[in-house]
Amino acid sequence: MLETLLQGLSSSSIYAVLALGFVVIYKGTKVVNLAHGSVMLLGVYVISLLAPRLGFWPGAVIGILVGAAGAVVIQFMTNAVRSKDHLVMTIMTIGINVMIAAELTHEIGDATVFTGDPWGNRSLSIGGSSFPVSRLMALIVGSVLIGVIFAIFRFTQFGVKLRASAVDAETSSLLGISQRSVSIWSWVIGGGLATVGGIFLAAFPANGLDSGSATLAMSAIPAIIIGGMDSAGGAVLGGLIVGCGEAVARRLIPELAPVLGDSFASVVPFILMLAVLLVRPSGLFGSKVVQRV
Amino acid sequence: MLQITGLTVKYGVGVHALQDASVDVPEGAVAAVIGGNGAGKSSLMRAISGTLGFHAGRVVEGSITYDGRNLAGLSPQKILRLGIAHVPEGRRILGEMTVLENLRAGGAIVRSTRKRVNALQEIMDRFPILAERRNQRAGLLSGGEQQILAIGRGLMSSPKVMLLDEPTLGLSPQMVERVADTIREVNASGVTVVVVEQNAAMALGVATDGHVIERGRVVLSDSAAALRDSPDVRRLFLGGDVDEGLGLDAAPASLATLTRWSA
Ligand SMILES: Nc1ncnc2c1ncn2[C@@H]1O[C@H](COP(=O)(O)OP(=O)(O)OP(=O)(O)O)[C@@H](O)[C@H]1O
Ligand SMILES: [Mg+2]
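Along every chain, residues carry numbers that run from 1 in the direction the sequence is written. Whichever chain is written first is A, and whichever ligand is written first is 1; the rest continue in order. Owing to the predicted nature of the model, reporting of local features is limited to residues with pLDDT of at least 70; listing and counting of side-chain atom pairs is limited to 80 or more, with chain, interface and lining totals taken over all residues. Only hydrogens and water are set aside; all other atoms, that is, all heavy atoms of the structure, feed into the side-chain values.

Can you walk me through the side chain of D168 of chain A in this structure?
Note on conventions: DSSP H or I runs of at least 4 residues are helices, E runs of at least 2 residues are strands, and numbering of each starts at the N terminus. Position of D168 of chain A among the secondary structure elements: in the loop between helix 6 (157–167) and helix 7 (169–174). Overall, the relative accessible area of 13% leaves D168 of chain A in the buried class. Within polar-contact distance, the side chain of D168 of chain A engages the side chain of T171 of chain A at 2.6 Å. Once residues within four sequence positions are removed from consideration, D168 of chain A is found in contact with R92 and L94 of chain B. Remark: exposure states derive from per-residue accessible area (1.4 Å probe, protein chains only) relative to the maximum for the residue type, with buried under 20%, exposed over 50%, and partly exposed in between. Pairs of N or O atoms are called polar contacts if they sit within 3.5 Å, as long as, within protein, a hydrogen donor faces a hydrogen acceptor (for residues adjacent in sequence, only side-chain-to-side-chain pairs). Note on contacts: a residue pair qualifies if any of its non-hydrogen atoms lie within 4.5 Å across the two residues.

Structure follows, in structure tokens:
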């Protein structure tokens with residue numbers, strides 16, 4: 001039971017980090033970044049290139065910065081279109097995703113990319129059950145990052161500007177808040193978070209990422225839909241629901257309903273998402289505006 | 001200080017919200033702009049602050065200069081940096097955010113943290129109600145308190161000119177008085193004020209100059225005292241009988257418009 005809980009919490013923190021990336025970008029620009037997965041893979045790929053020479057930590061820092069920069073480039077691309085329709089921009093990110101993914105596939109080929117993280121496949125024994133160190137790190141780093149993001153939202157001048165421009169663009173501009181800088185910084189944060197999520201998705205017990213792994217980031221979609229597109233608290237709650245729901249399902253399905261098969265647990269987040277959508281179309285914490293998307 | 005010359009504003013393809021409007025606001029003045037619904041008052045404010053774009057509107061003719069500088073084409077942020085703050089109609093406070101966060105948002109263009117904190121402290125001192133409720137959600141304040149917050153937020157950037165769009169709309173008589181006092185205080189602290197109002201009594205009470213807008217045209221400009229004493233203005237805006245128009249606008253529809261303003 002403890003093992004299931006820990007597993008649930010640690011994958012929740014990965015989902016939450018990825019989901020927060022979506023939410024920050026959405027709050028800053030009303031665009032759902034459907035190229036999030038490619039950004040994640042780009043960051044991880046850069047780490048895999050640099051880590052063998054520079055070591056994991058310097059490589060990770062650069063990879064995260066590259067992920068952030070990549071996201072900003074996408075932001076500029078979506079902004080370059082004449083249309084200021086956020087739906088159009090969102091759809092553009094699908095195209096951009098395909099472009100980046102194709103390029104990465106070309107680079108990576110059939111190989112698997114590893115970040116060379118220092119946790120390897122070591123496990124700790126907690127309460128009698130063994131638990132991967134990498135997962136423990138995901139839990140710790142994820143929780144700290146969530147705290148940092150919340151602190152940024154609440155206490156920094158950027159946070160105030162982001163939240164103000166998310167709810168009222170005209171008033172924000174009257175107050176001198178530059179939508180441009182809010183947009184850029186929200187994509188910087190979103191891209192960085194995507195890469196951090198990717199580092200842990202690549203770590204043990206998973207076996208690195210391959211060129212198709214970009215779609216893994218999409219597994220955070222149920223979390224943001226459940227939590228509400230524009231709510232950071234919702235992203236964390238959504239991450240928890242999805243991560244724990246999945247862990248519990250993984251544990252119980254083989255015993256209770258073996259007919260469903262092993263992979264059914266990964267469908268559970270989507271089932272939870274549909275259930276929430278039926279009751280609350282804008283998610284648990286989302287504001288109504290989200291429905292315009 | 002602020003000079004609006006021959007301004008024509010259009011929304012979309014058709015509607016002319018302002019036509020050939022000229023208003024001169026001298027430094028240190030409180031200029032009242034009075035007129036009824038749809039007269040073009042808010043359009044004038046938006047044109048000055050550069051926010052017509054948010055309403056699919058644009059300046060098609062005329063110019064707005066501030067300290068001799070043409071404001072045409074400047075972003076709202078640039079205009080605010082030059083020292084013109086616009087407190088919009090309906091207050092537009094950020095209801096889900098706290099009072100303090102609203103004020104901090106008002107200091108967005110202030111780069112130095114120390115200056116921002118000082119401005120914040122000054123505003124808290126000046127408006128104790130905001131200090132008292134600093135950590136409450138701004139949406140929980142009463143209408144009058146929200147107006148005070150909107151004004152305080154506008155002051156966070158230490159503007160030289162403040163544009164106030166209908167600050168007393170929907171407020172109780174005591175709150176109207178309170179807002180009037182606030183406008184006097186703000187002006188006394190060296191800020192030039194342009195106040196747009198349907199409540200002509202209040203506006204002409206605090207103003208040094210007055211401008212009457214009717215259906216997109218500035219039909220009368222004079223000192224506030226002269227406007228207060230003008231029999232036409234008294235009859236039309238300050239509660240007298242309305243049996244004829246000002247005679248300044250030949251269109252017959254103007255009478256109907258004017259009747260609705262008398263408060
Ligand atoms: N966003 C808009 N789109 C189209 N027309 C508009 C828009 N905003 C205002 N108008 C039109 O422009 C004219 C002037 O409107 P404006 O809002 O400036 O008047 P106002 O004097 O501020 O009125 P009120 O006292 O009701 O606030 C009106 O005819 C109005 O219908
Ligand atoms: Mg108006």
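Explanation requested: the coordination of the magnesium ion (ligand 2) in the structure shown.
For a metal bound by four donors in tetrahedral geometry, the ideal donor-metal-donor angle is 109.5 degrees, whereas six donors in octahedral geometry ideally sit at 90 or 180 degrees. Residues and elements named next belong to chain B. Note on donors: an N, O or S atom is included if it sits within 2.8 Å of the metal, or within 3.2 Å for Na, K and Ca, and water is never included, so sites can look incomplete. Protein coordination at the magnesium ion (ligand 2): the donors are S42 (OG) and E89 (OE), at 1.9 to 2.5 Å from the metal. Taken together, the residues span a long stretch of sequence, with S42 in helix 1 (residues 41–49) and E89 in the loop between strand 6 (84–87) and helix 3 (99–106) at a distance of 47 residues. A residue is classified by how much of its surface remains accessible, and S42, at 12% relative accessible area, is buried.

How should the pairing of strand 6 of chain B be read in this particular structure?
A regular strand places its side chains so that they alternate between the two faces of the sheet. Residues and elements named next belong to chain B. Alternating residues of strand 6 divide into I84 and H86 and A85 and V87, and every residue in both groups is buried. As judged from the four bridges shared by strand 6 and strand 7 (residues 161–165), these two strands associate in the parallel manner. Bridging across to strand 7, H86 finds its partner in L163. Between any two strands, at least two bridges found by DSSP are needed for them to pair.

Just to check I follow, could you spell out the interface of chain B and chain A for this structure?
Buried accessible area, meaning the area lost when the parts come together, often serves as the stated size of an interface. Taken together, the contact between chain B and chain A spans 21 residues of the former and 19 residues of the latter. Between chain B and chain A lies a buried interface of about 1,900 Å² when both sides are counted; carbon and sulfur atoms form 57% of it. A simple way to read buried area is as the amount of 1.4 Å-probe accessible surface that goes missing from two parts once joined, with both sides added. The largest share of the area that chain B buries against chain A comes from R92, R104 and A108 of chain B, three residues that together contribute 27% of it. We count a salt bridge whenever a side-chain nitrogen from Lys or Arg sits within 4 Å of a carboxyl oxygen from Asp or Glu. A salt bridge links R92 of chain B to D168 of chain A; the nearest nitrogen and oxygen atoms lie 3.0 Å apart. For the pair chain B and chain A, the interface holds 12 residue pairs in polar contact (both at pLDDT 80 or more). Of all elements in the fold, only helix 2 (76–82) and helix 3 of chain B reach the threshold of two or more residues within the side of chain B that touches chain A. At four residues, helix 3 of chain B tops the list of elements feeding residues into the side of chain B that touches chain A. Here the residues of the side of chain B that touches chain A sort into nine nonpolar, seven polar and five charged. For this classification, Asp, Glu, Lys and Arg are treated as charged, while Ala, Val, Leu, Ile, Met, Phe, Trp, Tyr, Cys and Pro are nonpolar and the rest, including Gly, are polar.

Sorry, what's going on with a nonpolar patch on the surface here?
A residue counts toward a patch only above 30% relative accessible area and without a salt bridge, and it is joined to like-charged neighbours within 9 Å or, for Val, Leu, Ile, Met, Phe, Trp and Tyr, to nonpolar neighbours within 5 Å. Note on areas: Shrake-Rupley with a 1.4 Å probe; residue coverage comes only from the protein chains shown. Among the surface-exposed residues, L87, I91, I94 and V98 of chain A lie close enough to one another that they form a single nonpolar patch of about 350 Å² accessible area. Following the sequence through the fold, I91 of chain A ends up in helix 4 (residues 86–108).

Would you mind showing me how to read helix 6 of chain A here?
Given 3.6 residues to a turn, an α-helix orients residues that are three or four positions apart in the same direction. Among the 11 residues in helix 6 of chain A, 10 count as buried, and that is most of the element. Turning to helix 6 of chain A, its buried residues number three or more, namely Q157, F158, G159, V160, K161, L162, R163, A164, S165 and A166 of chain A. Buried positions along helix 6 of chain A lie against helix 1 (2–29), helix 5 (133–155), helix 7 and helix 8 (179–202) of chain A together with helix 3 and helix 4 (113–126) of chain B.

Got a minute to help me understand the sheet that holds strand 2 (residues 16–25) of chain B in this structure?
Two orientations exist for strands paired in a sheet by backbone hydrogen bonds: parallel and antiparallel. Residue and element names in this part refer to chain B. Strand order across the open sheet formed by four strands is 2-1-4-5, with antiparallel pairing between neighbours. The outermost strands of the open sheet, each flanked by one partner alone, are strand 2 and strand 5 (69–70). Pairing of strand 1 (residues 2–11) with strand 4 (residues 57–66), which is carried by eight bridges, proceeds in the antiparallel orientation. Bridged to V9 within strand 4 is V59. An axis is simply a line fitted to the C-alpha atoms; with a helix, the fit covers only the stretch in contact. Between two such axes, the angle follows the N-to-C directions and lies from 0 to 180 degrees. The strands touched by helix 1 are strand 1, strand 2 and strand 4; relative to strand 1, the strand with the most contacts, the crossing angle is about 110 degrees.

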